[in-house]
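Structural features, examined
The primary structure of each chain is shown beneath.
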Amino acid sequence: MAEKLGKPEQEILLKIAREALEKSVKGLPLPEIMFDRLPPDLQQNGASFVTLTKGGRLRGCIGALEAYQPLAADVQEHAVAAALEDFRFPNVQPHELTAIQIEISVLTPREPLTYEGPADLVEKLHPGVDGVVLQDGLRKATFLPQVWEKLPDPELFLSNLCAKMGAPSDLWQKKPLQVYIYHVQEFHE
């Protein structure tokens with residue numbers, strides 16, 4: 001995929017996400033994606049997260065860390081999942097649709113981050129830039145770079161990410177974890 005998507009590609013993805021959100025919440029079939037009519041960057045495999053907000057508050061967020069399907073299909077799938085499968089929230093209801101805002105984050109491939117202890121890990125992170133994946137065995141969680149806006153302190157960011165993966169919040173300080181970073185191109189309605 002290209003380094004950055006242009007405005008026309010962003011608008012197409014937002015339209016795909018909006019249609020998927022509205023159709024799925026209303027229990028209607030999703031529109032078929034006509035891949036041969038899409039720009040090449042949207043036909044190539046890509047990884048995305050779709051975030052739904054209502055009144056500035058999170059209402060659902062689901063995505064993939066690895067590219068396994070065309071980016072347009074990935075966005076469509078995750079728009080539906082953010083509305084109907086995010087276990088943290090009740091399903092989006094039809095009466096909410098006009099109040100829901102859609103944000104799409106297209107991810108770069110993740111890269112391992114090697115570090116020597118907790119202080120080095122904190123030093124190597126770039127707040128506001130890096131998306132972070134923490135993994136401890138089968139447990140894994142990620143925060144998109146946008147989460148730095150709410151958790152700008154790296155230690156607090158890492159502690160909350162440990163809690164998100166179901167581990168003690170200080171696990172990152174007590175044992176080495178697998179850490180990966182990635183970046184995103186974020187755009188919204």
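Quick look at the overall build of the protein chain now. For the protein chain, the count of helices and strands is 6 helices and 8 strands. Listed by position from the N terminus, the elements making up the protein chain come as α-α-β-β-α-β-β-α-β-β-α-α-β-β. Its C-alpha atoms give the protein chain a radius of gyration of 17 Å, near enough to 16 Å, the size a compact globule of 189 residues would have. For the protein chain, the spread of C-alpha atoms along the principal axes amounts to about 50 × 35 × 25 Å. Classification of the 189 residues of the protein chain by burial places 48% in the buried group. Partitioning the contacts of the protein chain with sequence separation of at least 6, the portion at a separation of at least 24 is 69%.

Before going further, it helps to spend a moment on helix α3 (residues 71-84). With 14 residues, α3 extends 20 Å between its outermost C-alpha atoms, agreeing within 8% with the 20 Å of an ideal straight helix rising 1.5 Å per residue. In terms of burial, α3 is largely enclosed, as 12 of its 14 residues are buried. Buried within α3 are the following residues: Leu71, Ala72, Ala73, Asp74, Val75, Gln76, His78, Ala79, Val80, Ala81, Ala82 and Ala83. Where α3 is buried, its residues meet α1 (7-25), α2 (40-43), β1 (47-54), β2 (57-63) and β3 (100-107).

You can see alanine 83 is positioned in helix α3. Between the C-alpha atom of alanine 83 and that of leucine 52, which follows or precedes it by 31 residues, the distance is 7.5 Å. Discounting residues that sit within four places of it in the chain, alanine 83 has contacts with Leu21, Val25, Leu52, Pro90, Asn91 and Val92.

Interhelical geometry of α1 versus α3 gives an angle of 40° and a closest axis separation of 8 Å. One finds that α1 runs oblique with respect to α3. Crossing of α1 over α3 shows right-handed handedness. Side by side, α1 and α3 meet where Leu13, Ile16, Ala17, Ala20, Leu21, Ser24 and Val25 of the first sit next to Leu71, Ala72, Val75, Gln76, Ala79, Val80, Ala83 and Leu84 of the second. Partitioning the contact of α1 with α3 into residue classes produces 13 nonpolar, 2 polar and no charged.

What counts, and where the lines are drawn
- Residues numbered from 1 in each chain as written.
- Predicted model: local features only at pLDDT ≥ 70, side-chain atom pairs only at ≥ 80, totals over all residues.
- Heavy atoms only, no water.
- Helix = DSSP H or I, 4+ residues; strand = E, 2+ residues; numbered from the N terminus.
- Rg over C-alpha atoms; globule rule 2.2 N^0.38 Å.
- Buried < 20%, exposed > 50% of the residue type's maximum accessible area, 1.4 Å probe, protein only.
- Contact = heavy atoms within 4.5 Å.
- Expected span 1.5 Å × (residues − 1).
- Axes fitted to C-alpha atoms, helices over the stretch in contact; angles between N-to-C directions.
- Parallel < 35°, antiparallel > 145°, perpendicular 65-115°, else oblique.
- Left-handed = near helix turned anticlockwise from the far one by under 90°.
- Nonpolar A, V, L, I, M, F, W, Y, C, P; charged D, E, K, R; others polar.

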